Amino acid sequence: MKKILKTYRFPLILLLSIVIGSIIGFTQGKEAAVLKPFGDLFLNAMFMIVVPLVFFSISSAIASMGGVKRFGKVMGSMMVVFLFTGVVASVIAMAGVKIYSPSKGVNIDLVKPEDAGDKVSIGDQIVQTLTVSDFSELFSRNNMLALILFSVLMGIAVTMIGEKGKPFASFLKSGSEVMLKMVSLVMYYAPIGLGAYFAALIGEFGPTLLGSYFRAVLYYYPLAIIYFFGIFTLYALMANGKDGVRLFWKNMLSPSLTALATCSSAASIPVNLEASKKMGVPDDISETAVPLGATLHKDGSVMGGVLKITFLFGIFGHDFSGIGNYLLVLVVSLLVGMVMGAIPQGGMIGEMLILSLFGFPVEALPIAAAISTIIDPPATLLNATGDNVASMLTARLVEGKKRMKETVMRLGEQKGA
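Residues numbered from 1 in each chain as written. Predicted model: local features only at pLDDT ≥ 70, side-chain atom pairs only at ≥ 80, totals over all residues. Heavy atoms only, no water.

### Some remarks on the side chain of Ser17
Working step 1: With respect to the element layout, Ser17 can be found in helix 2 (residues 9-28).
Working step 2: Sequence-distant contacts of Ser17, defined by excluding residues within four places in its chain, comprise Pro191 and Gly195. (Helix = DSSP H or I, 4+ residues; strand = E, 2+ residues; numbered from the N terminus. Contact = heavy atoms within 4.5 Å.)

Here it is as structure tokens:
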């Protein structure tokens, strides 16, 4: 018993703080918002760290891969995993809709928004997504994909110049270790920060769940729980057998609580990096897959995309059936989840994409936006924590079964020592 308490002491403290914060939120209601600044301190500290952490972790991981060939194998395997899990999430979400319609009997008044957002051409959107006009703009979480691209190019450049790049590669590796140590220092404040954030969230959004969107909640929340425990366990089993399942769930509590409390995939990157390494994922893979997954791998958002589309189908009397509709919903949900989440104002653009492709009036935009708000906590939980199991699957494809088993054994020996 003492060994279990020692192993899980900090996650249990985090869980206790979440429970206390939730109780405060339920009992105090909107008055619990007074605690929000304490939660914002934790969230801002994570955001303060995430930009240099992403830069150092990705660039150092690629610089230490031992060549462009391994980098190509890691990236190719990672994108296969991202696409595979996204398709699975979409199919499961559509199957859930056929079992339980989230929009049946829902009556929502349409309110035309004052501004649905400026129209941006596809070319301009690509430019804004992948690049910035000034070097200083890289150091902002609002330009995360541009930062990732810069970090990837930096790592490749260091690798290509060989011996001359080794001193710089050592600097990048040292920087990555320093940033991870900073994460461990900030996590000492996590129990207070997460508890306060949860109190404010429950106090503000608790009553909303009892309103007009209750059927959407009854659809998405149970499905997210099933996906979280069932599908993630299956992925961990595919990655590394029973050892994979054990290591995955042993190290998942802190990332899960962070994702739920902050509702931010970016803020969860530091905790996810720490957890994925404990799961037996090689550093160069985890430090590439986790940061990139925060922008491109969003199973929760894919499922949310299906919910928004089918919810609007029901409200406007459209028939959700036929192979053509299923395939279109699959493709659009993947775009909403995997692509739109990586670009500036991606949520709004994704919802406008849904409206335009399916012919819904622009007045339906507030409906989709409200659904995004209500499902945000469980969607972020799947988005963020899914990066850990995706990195495990990527490692399995890159390293093979034997190497993964050896890594697990080495982790056990290090812990025993």
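And the narrative resumes.
### Regarding the side chain of Thr159
Working step 1: Locating Thr159 in the fold gives a position in helix 6 (residues 144-160).
Working step 2: Separated by 3.0 Å, the side chain of Thr159 and the backbone oxygen of Gly155 make a polar contact. (Polar contact = N/O pair within 3.5 Å; in protein donor to acceptor, adjacent residues only side chain to side chain.)

### Regarding the environment of Tyr219
Working step 1: One can find Tyr219 in helix 9 (residues 214-250).
Working step 2: The exposure class assigned to Tyr219 is buried, which follows from its relative accessible area of 4%.
Working step 3: Separated by 120 residues in the primary sequence, Tyr219 and Ile99 place their C-alpha atoms 9.5 Å from one another.
Working step 4: Aside from chain neighbours lying at most four places away, what touches Tyr219 is Ala93, Gly96, Val97, Tyr100, Pro102, Val306 and Leu307. (Buried < 20%, exposed > 50% of the residue type's maximum accessible area, 1.4 Å probe, protein only.)

### Focus: helix 9
Working step 1: The terminal C-alpha atoms of helix 9, which comprises 37 residues, lie only 33 Å apart, well short of the 54 Å expected from a rise of 1.5 Å per residue.
Working step 2: Of all the bends in helix 9, the largest measures some 130° and sits at Asn240. (Expected span 1.5 Å × (residues − 1). Bend = angle between axes of the 7 residues up to and from the residue.)

### As for the packing of helix 9 against helix 13 (residues 299-315)
Working step 1: Contact geometry of helix 9 with helix 13 gives a least axis separation of 11 Å together with a crossing angle of 155°. Classified by the angle between their axes, helix 9 and helix 13 sit roughly antiparallel to one another. Helix 9 and helix 13 meet at a crossing whose hand is right-handed. Within the contact between the two elements, helix 9 uses Ala216, Tyr219, Tyr220, Leu223, Ala224 and Tyr227 and helix 13 uses Asp299, Gly300, Met303, Gly304, Val306, Leu307 and Phe311.
Working step 2: Partitioning the contact of helix 9 with helix 13 into residue classes produces ten nonpolar, two polar and one charged. (Axes fitted to C-alpha atoms, helices over the stretch in contact; angles between N-to-C directions. Parallel < 35°, antiparallel > 145°, perpendicular 65-115°, else oblique. Left-handed = near helix turned anticlockwise from the far one by under 90°. Nonpolar A, V, L, I, M, F, W, Y, C, P; charged D, E, K, R; others polar.)

### A word on the UniProt feature "transmembrane region" (unreviewed entry) in the chain
Working step 1: Residues annotated by UniProt as "transmembrane region" (unreviewed entry) correspond here to residues 45-68, 80-100, 144-162, 183-206, 218-238, 323-343 and 355-375.
Working step 2: End C-alpha atoms of residues 80-100 are separated by 30 Å, and the span's content is 95% helix alongside 0% strand.
Working step 3: As a span, residues 144-162 carries 89% helix and 0% strand, and end to end its C-alpha atoms are 28 Å apart. (UniProt positions renumbered as here; feature names shortened; annotations may be inferred.)

### Some words on the pattern of salt bridges
Two side chains with opposite charge may pair up if their charged atoms get near one another.
Working step 1: Within the structure shown, the criterion is met by six salt bridges.
Working step 2: With its nearest N and O atoms 3.4 Å apart, the salt bridge here joins Lys173 to Asp283. Of this pair, Lys173 sits in helix 7 (residues 166-186) while Asp283 sits in helix 12 (residues 283-296); the two residues are 110 residues apart in sequence, bridging distant segments of the chain.
Working step 3: Taking the relative accessible area as the measure of exposure, Lys173 reaches 30% and is therefore partly exposed.
Working step 4: Linked through salt bridges whose partners overlap, the residues forming this network are Lys173, Glu177 and Asp283. (Salt bridge = Lys/Arg side-chain N within 4 Å of Asp/Glu carboxyl O.)

### Quick notes on the packing of helix 6 against helix 12
Helix-helix packing: each pair is described by the crossing angle between the helix axes and the interaxial distance.
Working step 1: Where helix 6 meets helix 12, the closest approach of the two axes is 10 Å, and the angle between their N-to-C directions is 150°. Between helix 6 and helix 12, the angle falls in the class roughly antiparallel. The two elements helix 6 and helix 12 meet at a crossing, and its hand is left-handed. Within the contact between the two elements, helix 6 uses Met144, Leu145 and Ile148 and helix 12 uses Pro291, Leu292 and Thr295.
Working step 2: Split by residue class, the contact of helix 6 with helix 12 holds five nonpolar, one polar and no charged.

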